[in-house]
Amino acid sequence: DAKNGGKGKLRFFDPQMQEVVARRLRLEEDILRGLEAGEFRAHFQPQFDYQGNMVGAEALVRWYHPERGILAPGAFMAVADEAGLMNRIDRMVLAQSCRQMAAWARQPAFSDFTLSVNISAARLYQAEFIEDVLGIFRQTGVNPAAIKLEITESMLLDDMATAITRMQALKRHGVRFAIDDFGTGYSSLLYLQQLPLDQLKIDQSFVRALPGDDNSLSIIKAIVAMAHSLKLEVIAEGVETDAQRQLLHLHGCQHYQGYLLSRPEPAEVVEAQLGRRLCS
Ligand code: C2E
Ligand code: MG
Ligand code: MG
Ligand code: MG
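Bear in mind that the values here come from a model prediction, so they are computed numbers and not experimental data.

Quick look at the overall build of the protein chain now. If you tally the helices and strands in the protein chain, you get 13 helices and nine strands. Taken against the 2.2 N^0.38 rule, which gives 19 Å for 280 residues, the C-alpha radius of gyration of the protein chain at 20 Å falls within 12% of a compact globule. Split into buried and exposed, the 280 residues of the protein chain put 48% on the buried side. The contacts of the protein chain with a sequence gap of at least 6 include a subset with a gap of at least 24, amounting to 65%. Of the roughly 14200 Å² that the protein chain leaves accessible, carbon and sulfur atoms contribute 53%. Both charge centroids of the protein chain, one from 30 positive and one from 35 negative side chains, sit 1 Å from each other.

What follows is the structure, encoded as structure tokens:
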């Protein structure tokens, strides 16, 4: 127990630990079943400029579980990752997103719209990553320039050289790239300038602390300055209040994503939102 073993020294025959392992295995099997059954679907969270125009959206995976309802990534992503299943989830989300974007691109209201899709480390470093992504573009007929792939700073650290090569290969086809959760990792200007980037996403932890937290505001100012000097777009995520939006605008942030503006929703809800804004 905790007294003799101390934190982190769990014996594998500990009944509590056994229960944890068993639960993990059940979840892993359930994820596999859900993948086969096509239960993973992309929701889309709109992104706006300061004037309130919808400029894009981010695909966020949801598990339409037959018994547990609609689950967010927090309920399954860690286990899916450890089980090596994030590749399959990412692939499915990218395919759905490209199909959706190809359909949206036929409507004039979506002409300047970009759709962001999260990529896991496992997927970026998969040998067939580039061919696979290009295959999905071909199959869905999407314009690659309408797709923005989101990666995190920590993912780049695994193998910078490979990451850069892969990003550049896709960039040649027009794909855009964003760094997600920016400010939480260890990026330097030196290596950021080597990446074919289009956008920095200010992590929601800094946004959440606004207004009132001067440290967070300082970091946001530094991120915006960095983005401007690298000629990148900057978007804030997790914008929940208009005070946050105003402050971000004041400091040069161009785009906003968060519950203040919209939750992640199925495609048809996003379409209805776009229509409403254009009509009002
Ligand atoms: P993320 O890419 O940083 O996405 C932003 C997360 O913040 C989403 O959580 C979104 O629902 C949530 N969010 C948006 N606006 C607000 C707000 O105003 N307040 C608060 N408190 N939260 C807000 P979600 O959907 O649970 O996704 C969590 C993370 O899971 C994502 O973080 C992303 O890293 C990962 N993820 C989601 N979908 C995929 C996917 O298809 N593939 C991969 N590899 N990862 C994914
Ligand atoms: Mg993201
Ligand atoms: Mg993020
Ligand atoms: Mg995140």
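Where burial is concerned, most of strand 5 (residues 147-152) is hidden: five out of the six residues are buried. In this structure, strand 4 (residues 114-118) lies alongside strand 5, joined through four bridges in parallel fashion. For Ser116, the partnering residue across the bridge sits in strand 5 and is Lys148. In this sheet, strand 6 (residues 176-182) lies alongside strand 5 in parallel orientation, the contact comprising five bridges. Note on strand 6: the bridge partner recorded for Leu149 is Phe177.

Looking now at the coordination of the magnesium ion (ligand 2). Around the magnesium ion (ligand 2), the donor atoms from the protein are Glu58 (OE), Asn118 (OD1), Glu150 (OE) and Asp180 (OD), and they sit 2.0 to 2.3 Å away. Linear spacing of the donor residues for the magnesium ion (ligand 2) on their chain is E-x59-N-x31-E-x29-D. In this structure, the magnesium ion (ligand 2) is positioned 4.2 Å from the magnesium ion (ligand 3), and both are ligated by Asp180. Of this pair, Glu58 sits in strand 2 (residues 54-65) while Glu150 sits in strand 5; the two residues are 92 residues apart in sequence, bridging distant segments of the chain. Considered together, Glu58 and Glu150 belong to a single accessibility category, that of buried residues.

This part takes up the site of ligand 1. Ligand 1 sits among 25 residues. The nearest are Asp90, Asp180, Gln204, Glu240 and Tyr259. Here an oxygen atom of ligand 1 sits 3.1 Å away from a polar atom, N or O, in the side chain of Asp181. In isolation ligand 1 has 800 Å² of accessible area, and contact with the protein removes 84% of it. Judged by its atoms lying within 2 Å of the grid points, ligand 1 is housed in the largest pocket. Ranked by the residues each element gives to the shell around ligand 1, the list is headed by strand 2, at four residues.

What counts, and where the lines are drawn
Residues numbered from 1 in each chain as written. Chains lettered and ligands numbered in written order. Predicted model: local features only at pLDDT ≥ 70, side-chain atom pairs only at ≥ 80, totals over all residues. Heavy atoms only, no water. Helix = DSSP H or I, 4+ residues; strand = E, 2+ residues; numbered from the N terminus. Rg over C-alpha atoms; globule rule 2.2 N^0.38 Å. Buried < 20%, exposed > 50% of the residue type's maximum accessible area, 1.4 Å probe, protein only. Contact = heavy atoms within 4.5 Å. Areas by Shrake-Rupley, 256 points an atom, 1.4 Å probe, with all protein chains shown as cover. Lys, Arg positive; Asp, Glu negative; His and termini not counted. Charge placed at Lys NZ, Arg CZ, Asp CG, Glu CD. Pairing = 2+ DSSP bridges. Donors = N, O, S within 2.8 Å, 3.2 Å for Na, K, Ca; no water. Near = heavy atom within 4 Å. Polar contact = N/O pair within 3.5 Å; in protein donor to acceptor, adjacent residues only side chain to side chain. 1 Å grid on protein atoms, 1.4 Å probe; cavity = no way out; pocket = protein on both sides within 12 Å on 5 of 7 lines; lining within 4 Å. Sits in = over half its atoms within 2 Å of the grid points.

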